[in-house]
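The chain contents come next:
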Amino acid sequence: MYKVMAWLFLAQLLIQILRIHAKVPAIIVFGDSSVDSGNNNQVQTILKSNFEPYGRDFNEGRPTGRFSNGRLATDFISEAFGVKPVVPAYLDPTYHITDFATGVCFASAGTGYDNATSNVLSVIPFWKELEYYKEYQKQLRDYLGHQKADEVLSESLYLISLGTNDFLENYYILPGRRLKFSVEEYQSFLVGIAGNFITELFQLGARKISLSGLPPMGCLPLERTTNILSRRDCVEKYNNVAGDFNGKLQELVVKLKKELSGIRLVLTNPFDILLEIIQSPHSFGFEEAAVACCATGVVEMGYMCNKFNPLTCADADKYVFWDAFHPTEKTNWIVADHVVKHSLAEFL
């Protein structure tokens, strides 16, 4: 009993020491595979990455469920804010509230704002991520006490990153949403869901929130592969949709800042920096931006990107993309560094 109490005391003391140097007490993450640090490992879905060669340049080469060869942008953001070098997945049984007190990830690869998107590959819907967050709040209050936990929750930095799957996995692939919405209407539909999510998050105590825009999704290797008639150039239609959607998200941010007194909400837009990397890879130390490192680099992701494929590149740092849909750790670091210095600078 005394040993348990002593251990809890030391764990809480360590958290307090970390907070003295951290810019925020915790990093709390919602979203899709761009930020999922391993929740899909615990979900009955084919969309997983908890096997080699995923994670080969991180964690002593042990795959964690991150869709990259190493860390994600959210991991680098957490480190930049002085919190910790990785943000653990909420459903990972090897972590506990002592770990989650300084950061936790609720994201699920393959999900989207639209519930219909999460149904495509049977992953965690966006609304369920918020339900997990409510569970986490209760656990944190039991661990730190109500007053201290509420302080942590209000001072933490919340990162939200999703939306690509709604278009590339759902709207442009399956007929259901296209029969109901024009692309402009669908964008507005998704923005409405984003607004409701942020409003509820605010009502639950969140104040510092970053909403991420879409990347230039027409330049993902998988999309370029399908653009055969245009010599595998970026699909400009998809890039334009992403740009338009980001504009609507910016309008949402302006609207919510007027409506929700005390909220500190920013749009973190990776579009421009990623497009610059893709268009001028050599300027950032890359050699290849059109194809990915894993396997042939044109279509593989998830189980198609596995250790048995002899075509996987030897040095992922030469590639902008790790698999046909996700950036390498090096790209994630560049994007994270950019958004920390620009969009997130007000929270430092």
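Residues numbered from 1 in each chain as written. Predicted model: local features only at pLDDT ≥ 70, side-chain atom pairs only at ≥ 80, totals over all residues. Heavy atoms only, no water.

Note the threshold: UniProt positions are given in the numbering used here, feature names are shortened, and annotations may be inferred rather than shown by experiment.
The chain goes by GDSL esterase/lipase in an unreviewed UniProt entry, where it is assigned to Vitis rotundifolia. UniProt, in its Sequence similarities (unreviewed entry) section for the chain, records the words "Belongs to the 'GDSL' lipolytic enzyme family."

**Some words on the overall build of the chain**
So the rule is basically this: Numbering of helices and strands runs from the N terminus, with a helix taken as a DSSP run of H or I at least four residues long and a strand as a DSSP run of E at least two residues long. Only C-alpha atoms enter the radius of gyration; for comparison, a globular chain is expected to reach 2.2 Å times N to the power 0.38, where N is the number of residues. Between buried and exposed lies partly exposed: a residue is buried under 20% and exposed over 50% of the maximum accessible area for its type, with that area taken using a 1.4 Å probe on protein chains only. By definition, residues are in contact when any of their heavy atoms lie within 4.5 Å. In short, Shrake-Rupley with a 1.4 Å probe defines the accessible areas, and a residue's cover is counted only from the protein chains shown. A residue counts as positive if it is Lys or Arg and as negative if it is Asp or Glu; His and the chain ends are not included. Note that the charge is assigned to NZ on lysines, CZ on arginines, CG on aspartates and CD on glutamates.
Within the chain, the secondary structure is distributed over 13 helices and five strands. The globule rule puts the C-alpha radius of gyration for 348 residues at 20 Å, and the 20 Å found for the chain is close to it. Expressed along its principal axes, the backbone C-alpha trace of the chain runs to roughly 70 × 45 × 40 Å. When the 348 residues of the chain are sorted by exposure, 57% land in the buried category. For the chain, long-range pairs separated by at least 24 residues make up 71% of all intrachain contacts whose partners lie at least 6 apart in sequence. When the accessible surface of the chain is summed, it comes to about 15,100 Å², and 56% of that surface belongs to carbon and sulfur atoms. Once the 32 positive and 39 negative side-chain charges of the chain are each reduced to a mean point, those two points are 4 Å apart.

**Here we look at the nonpolar core**
Most often, soluble globular proteins keep nonpolar side chains buried together rather than apart. Our working definition: For this analysis, a nonpolar core means a set of buried residues of the types Ala, Val, Leu, Ile, Met, Phe, Trp, Tyr and Cys, connected via side-chain atoms within 4.5 Å.
In this structure, Phe30 and Tyr136 are the most contacted members of the largest nonpolar core, which totals 96 residues. A per-element tally of this core places helix α9 (residues 183-203) first, with nine residues. Beyond its immediate chain neighbours, meaning those up to four positions away, tyrosine 136 contacts Ile28, Tyr90, Ile97, Phe100, Ala101, Val104, Phe106 and Leu153. Ranked by size, the runner-up nonpolar core spans 12 residues in total, among them Phe51, Cys293, Ala295 and Ala316.

**Brief notes about the packing of aromatic side chains**
Convention followed: For Phe, Tyr and Trp, rings pair up if their centres lie within 6.5 Å, where Trp contributes its six-membered ring, and each pair is then called stacked (planes under 30 degrees apart), edge-to-face (over 60) or tilted (otherwise).
Considering all chains together, one arrives at 26 aromatic pairs under this definition. Both rings, one in phenylalanine 30 and one in phenylalanine 106, keep their centres 5.3 Å apart while their planes meet at 20°; by these two values the pair is stacked. Note that phenylalanine 30 is positioned in strand β1 (residues 27-31) and phenylalanine 106 in the loop between β2 (103-105) and α4 (115-120), a separation of 76 residues in sequence. Among the residues examined, phenylalanine 30 registers a relative accessible area of 0% and is labelled buried.

**Describing the pairing of strand β3 (residues 157-161)**
Basically, it comes down to this: A pair of strands counts as paired when DSSP detects no fewer than two bridges linking them.
A large share of β3 lies buried, amounting to five of its five residues. Judged by which residues are buried, β3 turns out to be covered on both faces: Leu157, Leu159 and Ser161 on one side and Tyr158 and Ile160 on the other are all buried. Bridge analysis of β1 against β3 gives five bridges, and the strand direction is parallel. Each residue of the ladder has a partner; that of isoleucine 28, found in β3, is tyrosine 158. Relative to strand β4 (residues 208-212), β3 runs parallel, the two sharing four bridges. Considered in β4, the bridge of leucine 157 is made with lysine 208.

**A look at a nonpolar patch on the surface**
What counts, and what does not: A residue counts toward a patch only above 30% relative accessible area and without a salt bridge, and it is joined to like-charged neighbours within 9 Å or, for Val, Leu, Ile, Met, Phe, Trp and Tyr, to nonpolar neighbours within 5 Å. Throughout this description, the term salt bridge denotes a Lys or Arg side-chain nitrogen within 4 Å of a carboxyl oxygen of Asp or Glu.
The grouping of Val120, Ile173 and Leu174 at the surface amounts to a nonpolar patch, some 230 Å² of accessible area in total. Position of leucine 174 relative to the elements: it lies in the loop between α7 (164-171) and α8 (175-180). By relative accessible area, leucine 174 is classed as partly exposed at 34%.

**Structural notes on the packing of α9 against helix α11 (residues 236-259)**
Under the convention used in this document: Lines fitted to C-alpha atoms define the axes here, with helix axes fitted over just the stretch in contact, and angles between the N-to-C directions of these axes take values from 0 to 180 degrees. By convention, the crossing between two helices is left-handed when the near helix turns anticlockwise from the far helix through less than a right angle, and right-handed when the turn is clockwise.
Where α9 meets α11, the closest approach of the two axes is 10 Å, and the angle between their N-to-C directions is 35°. When the axes of α9 and α11 are compared, the crossing they make is right-handed. In this structure, α9 contributes Val183, Glu184, Gln187, Ser188, Leu190, Val191, Ala194, Gly195, Ile198 and Thr199 to the contact, and α11 contributes Val241, Asp244, Phe245, Lys248, Leu249, Leu252 and Leu256.

**As for α11**
Note the cut-off: Given a helix with a known number of residues, its expected span is that number minus one, times 1.5 Å.
With 24 residues, α11 ought to run about 34 Å at 1.5 Å a step, and its terminal C-alpha atoms sit 35 Å apart, in line with that. Taken together, the buried positions of α11 are Tyr238, Asn239, Val241, Ala242, Phe245, Asn246, Leu249, Leu252, Val253 and Leu256. Looking at the packing, one finds that the buried side of α11 touches α7, α9, β4, α10 (221-226), β5 (264-268) and α12 (271-279).

**A look at helix α5 (residues 126-144)**
So the rule is basically this: Working definition: the arc comes from the directions between the helix axis and the C-beta atoms, pointing outward to the latter.
Taking 1.5 Å of rise per residue, 19 residues should cover 27 Å, and α5 covers 27 Å from first to last C-alpha, within 8% of that figure. Burial in α5 covers these residues: Phe126, Glu129, Leu130, Tyr132, Tyr133, Tyr136, Gln137, Leu140, Tyr143 and Leu144. Viewed end-on, α5 has its buried residues packed into an arc of 160°, placing them on one side of the element. Opposite the buried face of α5, at more than 90 degrees from it, the exposed residues are Lys138 and Asp142. Immediately downstream of α5, the backbone of glycine 145 shows phi near 90°, a positive value.

**Quick notes on the packing of α5 against helix α6 (residues 146-155)**
Worth spelling out the cut-off: Small angles under 35 degrees read as roughly parallel and large ones over 145 as roughly antiparallel, with 65 to 115 read as roughly perpendicular and the rest as oblique.
At a minimum axis distance of 7 Å, the contact between α5 and α6 shows a crossing angle of 135°. Between α5 and α6, the interaxial angle falls into the category oblique. The hand of the α5/α6 crossing is right-handed. Where α5 approaches α6, its residues Tyr133, Tyr136, Gln137, Leu140, Arg141 and Leu144 are matched on the opposing element by His146, Lys148, Ala149, Asp150, Val152 and Leu153.

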